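Examining the three-dimensional arrangement
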Amino acid sequence: MPIRPMKETSETHLLIKPKPLPKPAVQNAKLPPTPPTVAAPQGQASSPSPPSKNRSRRRNRGGRKSDQGDVCMRPSSRPRKPPPPQNAPVVSGGSEIVAVNNHQMQMGVRGGGSSKNSNFAPRPGFGQLGTKCIVKANHFLADLPTKDLNHYDVTITPEVSSKSVNRAIIAELVRLYKESDLGTRLPAYDGRKSLYTAGELPFTWKEFTVKIFDEDDGIINGPRKERSYKVAIKFVARANMHHLGEFLAGKRADGPQEALQILDIVLRELSVKRFCPVGRSFFSPDIRTPQRLGEGLQSWCGFYQSIRPTQMGLSLNIDMASAAFIEPLPVIEFVAQLLGKDVLSKPLSDSDRIKIKKGLRGVKVEVTHRANVRRKYRVAGLTTQPTRELMFPVDENSTMKSVIEYFQEMYGFTIQHTHLPCLQVGNQKKASYLPMEACKIVEGQRYTKRLNEKQITALLKVTCQRPRDRENDILKTVQHNAYDQDPYAKEFGINISEKLASVEARILPAPWLKYHENGKERDCLPQVGQWNMMNKKMINGMTVSRWACVNFSRSVQENVARGFCNELGQMCEVSGMEFNPEPVIPIYSARPDQVEKALKHVYHTAMNKTKGKELELLLAILPDNNGSLYGDLKRICETELGLISQCCLTKHVFKISKQYLANVSLKINVKMGGRNTVLLDAISCRIPLVSDIPTIIFGADVTHPENGEESSPSIAAVVASQDWPEVTKYAGLVCAQAHRQELIQDLYKTWQDPVRGTVSGGMIRDLLISFRKATGQKPLRIIFYRDGVSEGQFYQVLLYELDAIRKACASLEPNYQPPVTFIVVQKRHHTRLFANNHRDKSSTDRSGNILPGTVVDTKICHPTEFDFYLCSHAGIQGTSRPAHYHVLWDENNFTADGIQSLTNNLCYTYARCTRSVSVVPPAYYAHLAAFRARFYMEPEIMQDNGSPGKKSTKTTTNGDHGVGVKPLPALKENVKRVMFYC
């Protein structure tokens, strides 16, 4: 029976909104501290203290090096010393240098409002491999203004925290004084402290008085409350457009960030007035009819907009976006939707009240019981008593009056639903009560908390667009925005093209994959990013002799579970493993709330049966909706018992599919330490800069807690290849660190031991040691794929983490400094690539997306730095998102073809499916490991959560946080060595 190609697990192609980062000010940026240099090996200085977190979007630009030739084998492992930057600008405040043995990594600092030379790896030339084609990108060429742009500081007194009020003040100022005091200039304003003009204002400092109406007083017809503000405008700096022009032309490596920031604000100015801004995106219920997501939420469509420096010049990146908003309903209707029941006739339970309080806290409502007044309030909480029982003092003598009487006498409003609680608005000391039926939710409030599964599914239906539809919507958005009619764009001399950029691309060939000699097919060439296991056997199939099964699903009878285990074992055999048909002990059934007891019973019973030999594999059958069961099981197995486990949902047990079983067998094999397939070029030693000398490939990622989880730590994960030349098996390590800290703290660390003195450790060091143990050789080259870094953090992450890699190497052996290539992998960007002709089926996959292997390193890429877009996967649904790879540091002298081909080929080695994946596997595995590790700590958080008995082991004091982080429970040694996270 033929087996269909397996779908990549968890591989979806969705629009995921990046968390917006605050914009940098144009004034001098604060310098990050320099990490200490590496001196002697083996435990000198402690772990480098990280620079403070940088949430800006600034980028530091690298110098240029000479073009290099075609891909070739370089037997020499001698690290390259980077050339000194030519014509490096003078930097006030000095520069930062990390000296490591013979290497000198010179990084310019940011000063004077511009990012200085950071010596990121320059582009070594353009790739030539692959079949050339044309694709379209959602980038629109923008003409560079000829006028110099001026920056002014704005001080509003009294100070205002609301951006919208600030904008209203400046809009009124412009209306009153544009033709007179402002010299007919139309300024652009960022909503905070900065005002920008094309050409100078007639003054360097001036104070204005502006009066505006209170936006929350809500009076429709009648006298409105007016507030008076003083606005001081002071000249700060001039942005040099010539400098920006030279940067875009590739004549200088440092980009003038203030100029790019000003242009971005100018082009956003009109959209801010028309739409609801969220980060770099704009939303409106008028763009497309909002769709209900359930529980009082709806989806709004919108667009993302950002100005970017590219090889073709200034580019405006436009993409479609969707987000969840709170539906502007009467509060009682919202509550009914939130609870999913009729609240007018049925009383509320305590759990209902908690859910309502969580759902409405912080939400803005407007009152509806006063004819000409629509005053707005922010909900602080919910009363514990129903409305009919609420009394409050009305005077200094504490004369009490009921809420029902007050609303009747004051407003002639009769409260109907007196069994419901009231909304509390205002502060705790002076709380005001509003009946639910007298309130309506204000339109345009984005929902920032976590969506449930049904809401996510509903939102994905809205965001998931076929490539042709998405392209058309982007073009319509550009036409609707009418940048040619935008008064701000005209004022600043910015012209935007209405055509998608046509870009030269290349389709890289898929690599040949090697399978076992015993199979009918010993090697395989994937077609359009996919293949199957039919007639193939795993290249290194493992043996499972001792296994057991625990069944947590009430609906699965023992004979059904046994039949499923038999089918799975047979599929493992067919795929090339050896699988004992008999479990060590009979299948054990248990309740989900007894997970720890059940696992320990199975573990110890099996140990007794095998006379001390440990179980090699535990199969677990889980209910389809299992809550915390999955996470608890993984935590107990991997950190307490040292068990490798494979979970299967009930729905798959009842409906046994060959494709599902084959997919699970792939996962079991790598968890047991085997390999499913390897690149034919790898075992033939034909991969440039990997096959010539022992090479280790790292993947690293940091996952942060959900919005609203202010105390949860971030989780860092690092994986590293443990085989050479195959580079297929990856061991993984995880650690907890300070909340939202992006720099990985435990890459290298030292501590004092009372007996051994200064001891070195950390994830890089441990993985280098395990590579040496597994291969018998020490790595002579390091390739480091780093996921999840925003552009504003490139400088800090490279500076800190490269230094940690250096120190980890030096701690193992004097003068041990293998050359490092450091590559950032980004998926949370908004560049989309479309086929040049959607009707040409030969240029697209079945989903209408561009073909897997499509790579772009021209036109829409960085003017001088070494970056490229790679769509390595075939689309399943929606529009494929290419991964953006940015080589920040390269001592291995990769050519463009070399790193692009290596990255594309690695995407075919992902262990969990027979498809090429969208992100290079080491980065993908690091993400999986970090996600898995969150299960290890959640029980502690739920129990502790600020309770008096909380124990916190202070392991790190991360940067400016000074907060101790409770460490994760340690992985068992046998778990660390294999791909447990698959």
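Fair warning: this is a prediction, and the values are worked out from it, not measured in the lab. (Residues numbered from 1 in each chain as written. Predicted model: local features only at pLDDT ≥ 70, side-chain atom pairs only at ≥ 80, totals over all residues. Heavy atoms only, no water.)

With respect to the overall build of the protein chain
When helices and strands are counted, the protein chain shows 20 helices and 42 strands. Going through the 982 residues of the protein chain one by one, you find that 57% of them count as buried. Restricting to contacts in the protein chain with at least 6 residues of sequence separation, those with at least 24 account for 74%. In the form shown here, the protein chain has an accessible surface area of approximately 41300 Å², with 49% of it arising from carbon and sulfur atoms. (Helix = DSSP H or I, 4+ residues; strand = E, 2+ residues; numbered from the N terminus. Buried < 20%, exposed > 50% of the residue type's maximum accessible area, 1.4 Å probe, protein only. Contact = heavy atoms within 4.5 Å. Areas by Shrake-Rupley, 256 points an atom, 1.4 Å probe, with all protein chains shown as cover.)

Some thoughts on the nonpolar core
Ranked by internal contacts, the top residues of the largest apolar core, which has 92 residues, are L617, I668, Y785, Y885, L902, Y925 and Y981. Ranked by the residues each element gives to this core, the list is headed by helix α19 (residues 921-944), at ten residues. If you look at the next biggest cluster of nonpolar residues, it comprises 56 residues, including Y152, A188, A198 and V478. (Core = buried A, V, L, I, M, F, W, Y, C linked by side-chain atoms within 4.5 Å.)

Re the sheet that holds strand β23 (residues 513-514)
An order of β24-β23-β31 is seen for the three strands of this open sheet, with the pairing classed as antiparallel. The sheet terminates laterally at β24 (523-524) and β31 (678-679), the two strands that pair on one side only. Pairing between β23 and β24: two bridges, direction antiparallel. Bridge pairing links L513 to C524 in β24. (Pairing = 2+ DSSP bridges.)

Thoughts on helix α7 (residues 453-463)
Inspection of α7 places Q455, A458, L459, V462 and T463 among the buried residues, and these make up the whole buried set. Relative to the axis of α7, the buried residues are bounded by an arc of 140° and lie together on one face. In this structure, α7 carries E453, K454 and K461 as exposed residues pointing more than 90 degrees from its buried face. Of the surrounding secondary structure, the elements contacted by the buried residues of α7 are β12 (291-294), β13 (297-310), β14 (313-326) and α8 (467-481). (Arc of directions from axis to C-beta.)

Some remarks on the sheet that holds strand β20 (residues 432-435)
The five strands lie next to each other as β20-β19-β16-β15-β21, forming an open sheet whose pairing is antiparallel. The open sheet has two free edges, formed respectively by β20 and β21 (439-441), since each of these has just one partner strand. Between one strand axis and the next, the sheet turns by 50° as a mean value, whatever way the strands run. Both strand β19 (residues 421-425) and β20 contribute to a ladder of four bridges, which runs antiparallel. Of the residues in β20, the one forming a bridge with L423 is L434. Each of β16 (376-386), β19 and β21 is contacted by helix α5 (residues 350-360), which is oriented at about 170° to β16, the strand it contacts most. (Axes fitted to C-alpha atoms, helices over the stretch in contact; angles between N-to-C directions.)

So, the pattern of salt bridges
Taken as a whole, this structure holds 45 salt bridges when the rule is applied. Across the salt bridge formed by K600 and E640, the nearest N and O atoms sit 3.7 Å from each other. Of the two residues, K600 is situated in helix α11 (residues 595-609) and E640 in helix α12 (residues 629-641); the sequence distance between them amounts to 40 residues. Residue class for K600 comes out partly exposed when judged on its relative accessible area of 30%. Measuring nitrogen to oxygen at the nearest pair gives 2.4 Å for the salt bridge that ties R806 to E891. Taken together, the residues R806 in helix α17 (residues 794-812) and E891 in the loop between β42 (883-890) and α18 (896-906) connect sequence positions 85 residues apart. Like R806, the residue E891 is buried in the burial classification. (Salt bridge = Lys/Arg side-chain N within 4 Å of Asp/Glu carboxyl O.)

Observations regarding α17
Between its first and last C-alpha atoms α17 spans 27 Å; for 19 residues at 1.5 Å apiece the expected length is 27 Å, and the two agree. Burial runs high along α17: 18 of the 19 residues are buried. (Expected span 1.5 Å × (residues − 1).)

Observations concerning the environment of R765
Its location among the elements puts R765 in helix α16 (residues 763-775). Classification of R765 as buried rests on a relative accessible area of 11%. Taking the C-alpha atoms as reference points, R765 and I805, 40 residues apart in sequence, are found 8.1 Å from one another.

What to know about the confidence of the model for the protein chain
Averaged over every residue, the pLDDT of the protein chain is 86; residues scoring 70 or more account for 84%. In the predicted structure, residues 1-117 sits below a pLDDT of 50 and forms 355 contacts with residues beyond four places in sequence or in another chain. Under a pLDDT of 50 for its full length, residues 939-962 has, in the predicted model, 38 contacts with residues more than four places off or in other chains. (pLDDT = per-residue confidence, 0-100.)

Some points on unusual backbone geometry
Look at the link from T157 to P158: it is a cis peptide, with omega at -5°. Relative to the helices and strands, P158 resides in the loop between β5 (149-157) and α1 (163-177). With omega at 15°, the peptide bond leading from W724 into P725 counts as cis. Mapped onto the elements, P725 comes out in the loop between β33 (714-721) and β34 (730-737). Of note, the phi angle at E295 is positive, near 55°, even though the residue is not glycine. Of note, E295 is situated in the loop between β12 and β13. If you check the backbone angles, K611 has positive phi at about 60° while not being a glycine. Residue placement: K611 occurs in the loop between α11 and β29 (617-622).

With respect to the pairing of strand β3 (residues 131-137)
As paired elements, β3 and strand β22 (residues 501-507) share seven bridges and run antiparallel to each other. In the strand pairing of β22, K132 is matched with R506. As judged from the three bridges shared by β3 and strand β39 (residues 833-835), these two strands associate in the antiparallel manner. Bridging across to β39, V135 finds its partner in A835.

Thoughts on the environment of R123
By the element assignment, R123 lies in the loop between β2 (103-107) and β3. The sequence separation of R123 and P863 amounts to 740 residues, and the corresponding C-alpha distance is 8.8 Å. Within the structure, the side chain of R123 is placed 2.8 Å from the backbone oxygen of E865, a separation counted as a polar contact. (Polar contact = N/O pair within 3.5 Å; in protein donor to acceptor, adjacent residues only side chain to side chain.)

Some words on the packing of aromatic side chains
Within this structure, the stated rule accounts for 26 aromatic pairs. Where F120 meets F794, the ring centres are 6.4 Å apart and the plane angle is 65°; that geometry is what we call edge-to-face. Residue F120 is located in the loop between β2 and β3, and its partner F794 is located in helix α17; the two are separated by 674 residues in the primary sequence. By the burial criterion, F120 is buried, and F794 matches it. Each ring, one from Y406 and one from Y411, has its centre 6.1 Å from the other, and the planes form 85°; the classification is edge-to-face. Grouped by ring-pair contacts, the aromatic residues Y730, Y910, Y924, Y925, F980 and Y981 constitute a single cluster. (Phe/Tyr/Trp six-rings, centres within 6.5 Å; stacked < 30°, edge-to-face > 60°.)

As for the packing of helix α4 (residues 331-339) against α5
It is the contact of α4 with α5, at a shortest axis distance of 10 Å, that shows an interaxial angle of 120°. Taken together, α4 and α5 sit at an angle that is classed as oblique. Judged by the sense of rotation from one axis to the other, the crossing of α4 with α5 is right-handed. For the pair formed by α4 and α5, the contact residues are V331, F334, V335, L338 and L339 on the first element and D352, K355, I356, G359 and L360 on the second. A class-by-class count of the residues in the contact of α4 with α5 yields seven nonpolar, one polar and two charged. (Parallel < 35°, antiparallel > 145°, perpendicular 65-115°, else oblique. Left-handed = near helix turned anticlockwise from the far one by under 90°. Nonpolar A, V, L, I, M, F, W, Y, C, P; charged D, E, K, R; others polar.)

A short note on the side chain of N481
Along the chain, N481 turns up in helix α8. N481 gets classed as buried once you look at its relative accessible area, which sits at 3%.

So, the packing of helix α10 (residues 558-575) against helix α14 (residues 658-671)
Interhelical geometry of α10 versus α14 gives an angle of 70° and a closest axis separation of 9 Å. By the angle class used here, α10 and α14 are roughly perpendicular. In the packing of α10 onto α14, the handedness of the crossing is right-handed. Where α10 approaches α14, its residues F564, E567, L568, M571, C572 and S575 are matched on the opposing element by K658, Y660, L661, A662, V664, S665 and I668.

Brief notes about the side chain of K827
Examined against the element boundaries, K827 turns out to sit in the loop between β38 (820-826) and β39. A polar contact is formed between the side chain of K827 and the backbone oxygen of R881, at a distance of 2.9 Å. For K827, the contacting residues outside a window of four places in its chain are H873, R881, P882, A883, S918 and V919.

With respect to a positive patch on the surface
On the surface, K357, K358, R361 and K449 cluster together into a positively charged patch. Relative to the assigned elements, R361 resides in the loop between α5 and β15 (364-367). Residue classification places R361 among the partly exposed residues on the basis of a relative accessible area of 46%. (Patch = residues over 30% accessible without salt bridge, like charges linked within 9 Å, V, L, I, M, F, W, Y side chains within 5 Å. Lys, Arg positive; Asp, Glu negative; His and termini not counted. Charge placed at Lys NZ, Arg CZ, Asp CG, Glu CD.)

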